[in-house]
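Examination of the molecular architecture
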Amino acid sequence: MNICVLSFFLQFSNQHNAGARGWQPAVCKMAELDADLDHILPSSVLPPFWAKLVVGFVSLVCFARSYDGDFVFDDSEAIVNNKDLRAETPLGDLWHHDFWGSRLSSNTSHKSYRPLTVLTFRINYCLSGGFHPMGFHVTNILLHGGISVLMLDVFSVLLGGLQYTSRGQRLNLAPRSSLLAALLFATHPVHTECVAGVVGRADLLGALFFLLSFLGYCKAFRETGNKEGTHSTFWVLLSILLGAVAMLCKEQGITVLGLNAIFDILVIGKLNVLEMVQKVLHKDKSLENIRVLRNGGLIFRMTLLASGGAGVLYVRWKIMGTGPPAFTEVDNPASFEDSVLVRAINYNYYYSLNAWLLLCPWWLCFDWSMGCIPLIKSAGDWRVTAPAALWLCLIGLLCRALCSADRHRRRILTLGLGFLIIPFLPASNLFFRVGFVVAERVLYLPSAGYCMLLTFGFGALSKHTKKKKLIAAVVLGILFINVLRCVIRSGEWRNEEQLFRSALSVCPLNAKVHYNVGKNLADRGNQTAAIRYYREAVRLNPKYVHAMNNLGNILKERNELQEAEELLSLAVRIQPDFAAAWMNLGIVQNSLKRFEAAEQSYRTAIKHRRKYPDCYYNLGRLYADLNRHVDALNAWRNATVLKPEHSLAWNNMIILLDNTGNLAQAEAVGREALELIPNDHSLMFSLANVLGKSQKYKVCKPQAVISGG
């Protein structure tokens, strides 16, 4: 797969600045527009090789600091705990599981179907010989570098137009502006989550094949001599296939077909939307003479794109099943509001926050849910001005795009808005509920549209002002600040402690931030500080059952059993199927000598999670305390069946059989356990004691007795 991607990359990256006699007017026109940026980007940087080298190098510098980072945040569930990465899992299972390793048919599945991304994780796992994060991080950094270089070709088409020489070589009519846009993209700090967080691989791969699909679509017009209605059907079909591959990496990849359609209509078909609207409003009879409407090739390509996209979505729908993904109110509170008006206002406010992250990516956070962004429920809330400002800007840009007399300006603004909006649509809540409020990772592709519009803005500003050195200083300052912010943010993503603490100043109302800081502190043994953060998480979100469960566990270990029981009881009342909380409640009740209640709690936990070896182990301990030896042995046997390496369950069985005089059975169990866990010293010691009591001294291994002592 990597070889195929590399071959496409090399083929698509073939840019030429040579011109042909038939295209000289277009070259001169675009050279005049591109010259506005000459004072910012010197001509010595413009040769394609050097431009790509600069963009690739800068992109690597931005995120190189994360190369030796840990697995953080969602990496644990998507990679470390994902059985689909291990060799014993059949490759075919990847096509029936979601991104997190759950079956798509499960009620708990988020329906995030990204089998090709999971396949690359599996390749990383095999090549590195286990869960060694460096290989995963280096792959992400290299992917971002490759995508940034590929953006040079994409921006050269979007900003300079699509023109080929008589030999089929694509002309780069905007070398300076495409280089500046690519540098802005390569250094944008909002990309840190995608690059420094391993699960961001989905967005990187989706973007890679998205761009390859777009450039492949451009290839369809390479050998047609720019004759109206002509194209290469092979490249159109290949573009659709690459769009499908992009979707199998990340859901928003399929939106490339929409961008291809807009590009075809505006650039290839040269449609003037404003002119068409005016003719429709005035019932102009010349409407039927508009070239686009009579272009059979364009209609055929639109049919291919529409039918290909519909077919891909149908196949995905059949694989995933018809059930919607399971999200909770804390994931996306606005989507659970009954009022359509409240939902609409908050969705638009979320859009404005995404726009602000593109404009000013200084306040970045790994998670924006759980109260980080309070709902707007009143027209008097000052935050309603944010979506108003956003729509004012978008409408202004759209009017400028439609009403401009310059077709090059119309093309750049329209395609820039298209690249900004179309890839964002799957995350907009317009078509279905998403499982987040704001997510920096979904801005990876839309940021290309922002960088394109920003570059155009710098060019326009430079053209109409004499202070060109000041504009150059501003542009270089933005690039420098972006690089600096990327380096700092990459360092924060190196480990969970820095990542979680960095979010406290950005989202102090986010219960999940406090929960994760507390969990990290608890894992490092600082229970006192962990309790403080867990309590704050519960205060911010009184229904946060996971924080209650973890806080209850710590209080249990500190022998504060009454409060622990209250917290765990509240957790299971809020979420009756929370198996871990039921088990922990049983442990607390057992410590309080409330044995019947403890047994009931354990049974309830097993009811909600049938394959729960730790709960069977704790149930066995309860039965042993009650001298119900047969029940205890059965419970521990169930634990070892579900988890053969459950050393504590094996050891307790040996000890119980030894204490009750069943030495032969204890010996048999001990030998069975050591076959499964051959290097467990506690099992060796227990078996050695049994063999000693059976006077089988020669069978006792000296190292087992020594290590036990």
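What you are looking at is a predicted structure, and each value in this text was computed from that prediction instead of being measured. (Residues numbered from 1 in each chain as written. Predicted model: local features only at pLDDT ≥ 70, side-chain atom pairs only at ≥ 80, totals over all residues. Heavy atoms only, no water.)

**Side note on the packing of aromatic side chains**
Operational definition: Centre distance within 6.5 Å is the pairing criterion for rings of Phe, Tyr and Trp, where only the six-membered ring of Trp is used; planes under 30 degrees apart are then read as stacked, over 60 as edge-to-face, and the remainder as tilted. Helix and strand definitions here come from DSSP, where helices need a minimum of 4 consecutive H or I residues and strands a minimum of 2 consecutive E residues; each element is numbered from the N-terminal end. The rule is simple: take the accessible area with a 1.4 Å probe, protein chains only, and divide by the maximum for that residue type; under 20% is buried, over 50% is exposed, in between is partly exposed. Whether a charge sits over a ring comes down to the Lys NZ or Arg CZ being within 6 Å of the ring centre and within 35 degrees of the ring normal.
Here the structure, examined in full by the defined rule, presents 19 aromatic pairs. Where Phe 73 meets Phe 500, the ring centres are 6.4 Å apart and the plane angle is 80°; that geometry is what we call edge-to-face. You can see Phe 73 sitting in the loop between α3 (48–63) and α4 (75–80) and its partner Phe 500 sitting in helix α19 (residues 496–504), a full 427 residues away along the chain. Each member of the pair, Phe 73 as well as Phe 500, is classed as buried. With a centroid separation of 5.0 Å and 50° between ring planes, the pair formed by Phe 366 and Phe 500 is classed as tilted. With Phe 366 in the loop between α14 (340–359) and α15 (385–403) and Phe 500 in helix α19, this residue pair connects regions lying 134 residues apart in the sequence. Here a set of aromatic residues connected by ring pairs shows up, and it is made of Phe 71, Phe 99, Trp 100, Phe 121 and Phe 136. The positively charged end of Arg 114 is found above the aromatic ring belonging to Phe 99, 4.8 Å away from the centroid.

**Regarding the pattern of salt bridges**
Side chains bearing opposite charge may pair, as long as their charged atoms lie close to each other. Inclusion rule: Note on definitions: salt bridges are taken to be side-chain nitrogens of Lys or Arg within 4 Å of carboxyl oxygens of Asp or Glu.
Within the structure shown, the criterion is met by 21 salt bridges. Notably, a salt bridge pairs Glu 193 with Arg 441, separated by 3.1 Å at the nearest N-O pair. A residue pair is termed long-range when its members are at least 10 positions apart, and Glu 193 in helix α8 (residues 192–196) and Arg 441 in the loop between α16 (407–421) and α17 (446–463) qualify at 248 residues. Residue Arg 441 is classed as partly exposed on the basis of its relative accessible area, which comes to 25%. Close ionic contact of Arg 628 with Glu 599 constitutes a salt bridge, the shortest N to O distance being 3.5 Å. You can see Arg 628 sitting in the loop between α26 (613–625) and α27 (629–642) and its partner Glu 599 sitting in helix α25 (residues 595–608), a full 29 residues away along the chain. The structure contains a network of salt bridges with shared partners spanning Arg 114, Glu 251 and Arg 316.

**Here we look at a nonpolar patch on the surface**
Operational definition: The patch calculation keeps residues exceeding 30% relative accessible area without a salt bridge and links them within 9 Å when they carry like charges or within 5 Å when they are nonpolar (Val, Leu, Ile, Met, Phe, Trp, Tyr). Calculation of accessible area relied on Shrake-Rupley with a 1.4 Å probe; when residues are assessed, cover is drawn exclusively from the protein chains displayed.
On the surface, Trp 356, Leu 359, Trp 362, Trp 363, Phe 480, Ile 481, Leu 484 and Ile 488 cluster together into a nonpolar patch covering about 850 Å² of accessible area. Of all the secondary-structure elements, those providing two or more residues to the nonpolar patch are α14 and α18 (468–492). Tallying contributions element by element places α18 first for the nonpolar patch, with four residues. Its place among the elements puts Leu 359 in helix α14. For Leu 359, a relative accessible area of 54% puts it in the exposed group.

**Describing the environment of Gly 243**
In plain terms, the rule: By definition, residues are in contact when any of their heavy atoms lie within 4.5 Å.
Structurally, the position occupied by Gly 243 is in helix α10 (residues 233–249). Spatially, the C-alpha atoms of Gly 243 and Leu 257 are 6.7 Å apart, while their sequence positions differ by 14 residues. In this view, Gly 243 contacts Ser 213, Gly 253, Ile 254 and Val 256; residues no more than four positions away in its chain are not counted.

**Focus: the packing of α10 against helix α13 (residues 296–320)**
Inclusion rule: Convention adopted: a line fitted to C-alpha atoms gives each axis, helices being fitted over their contacting stretch, and angles between N-to-C directions are expressed from 0 to 180 degrees. By definition in this entry, angles of less than 35 degrees are roughly parallel, angles greater than 145 are roughly antiparallel, angles of 65 to 115 are roughly perpendicular, and the rest are oblique. For a crossing to be left-handed, the near helix must be turned anticlockwise from the far one by less than a right angle; the clockwise case is right-handed. In this count, Pro and Cys sit with the nonpolar residues alongside Ala, Val, Leu, Ile, Met, Phe, Trp and Tyr, while Asp, Glu, Lys and Arg are called charged and the others, Gly among them, polar.
The geometry of α10 relative to α13 is characterised by a closest axis approach of 10 Å and an angle of 30° between their N-to-C directions. Between α10 and α13, the crossing angle belongs to the class labelled roughly parallel. Classified by chirality, the crossing of α13 by α10 is right-handed. Residues Thr 233, Val 236, Leu 237, Ile 240, Ala 244 and Met 247 of α10 form the contact with α13, whose participating residues are Phe 300, Arg 301, Leu 304, Leu 305, Gly 308, Val 312, Leu 313 and Arg 316. The residue inventory of the contact of α10 with α13, partitioned by class, reads 10 nonpolar, two polar and two charged.

**Focus: the state of the cysteines**
Our working rule: Cysteine sulfur atoms are paired as a disulfide whenever they fall within 2.5 Å.
Under the counting rule described, the total for this entry stands at one disulfide. Through a disulfide, Cys 372 is tied to Cys 507; the S-S separation comes to 1.9 Å. Since a negative S-S torsion denotes a left-handed disulfide, the Cys 372-Cys 507 link at about -45° is left-handed. With Cys 372 in the loop between α14 and α15 and Cys 507 in the loop between α19 and α20 (511–523), this residue pair connects regions lying 135 residues apart in the sequence. By the burial criterion, Cys 372 is buried, and Cys 507 matches it.

**What to know about helix α5 (residues 115–128)**
Stated formally: Helix span, expected: 1.5 Å multiplied by one less than the number of residues in the helix.
Between the first and last C-alpha of α5 there are 20 Å, a value that for 14 residues agrees with the 20 Å anticipated at 1.5 Å per step. Taken together, the buried positions of α5 are Pro 115, Leu 116, Thr 117, Val 118, Thr 120, Phe 121, Arg 122, Asn 124 and Tyr 125. With its phi angle positive at about 70°, Gly 129 sits one or two positions after the end of α5.

**A short note on the confidence of the model for the protein**
Put simply, the rule reads: pLDDT is a residue-level measure of predictor confidence that goes from 0 to 100.
On average, residues of the protein score 86 in pLDDT, and 88% of them reach the 70 mark or higher. This stretch, residues 1–33, has a pLDDT under 50; its non-local contacts, to residues over four places away or in other chains, come to 62 contacts. Low pLDDT (under 50) marks residues 701–709, which in the prediction has eight contacts with non-local residues, meaning those over four places away or in another chain.

**A short note on the UniProt feature "repeat: TPR" (unreviewed entry) in the protein**
For clarity, the cut-off: UniProt positions are given in the numbering used here, feature names are shortened, and annotations may be inferred rather than shown by experiment.
Cross-referencing UniProt, the feature "repeat: TPR" (unreviewed entry) maps to residues 511–544, 545–578, 579–612 and 613–646 in the present numbering. Taken end to end, residues 579–612 comprises 79% helix and 0% strand; its first and last C-alpha atoms sit 9 Å apart.

**Observations regarding the nonpolar core**
As a reminder of what qualifies: Here the nonpolar core consists of buried residues drawn from Ala, Val, Leu, Ile, Met, Phe, Trp, Tyr and Cys, with membership extended through side-chain atoms lying within 4.5 Å.
The biggest cluster of nonpolar side chains holds 193 residues, and the ones touching the most others in it are Phe 155, Phe 214, Phe 366, Trp 368 and Phe 419. With 12 residues, helix α9 (residues 201–219) is the single largest residue contributor to this core. Setting aside anything within four residues of it in sequence, one finds Phe 419 in contact with Val 154, Leu 158, Phe 210, Leu 211, Leu 259, Leu 445, Pro 446, Ala 448 and Gly 449. Of all hydrophobic cores here, the second largest spans 13 residues; its members include Phe 71, Phe 99, Phe 121 and Val 198.

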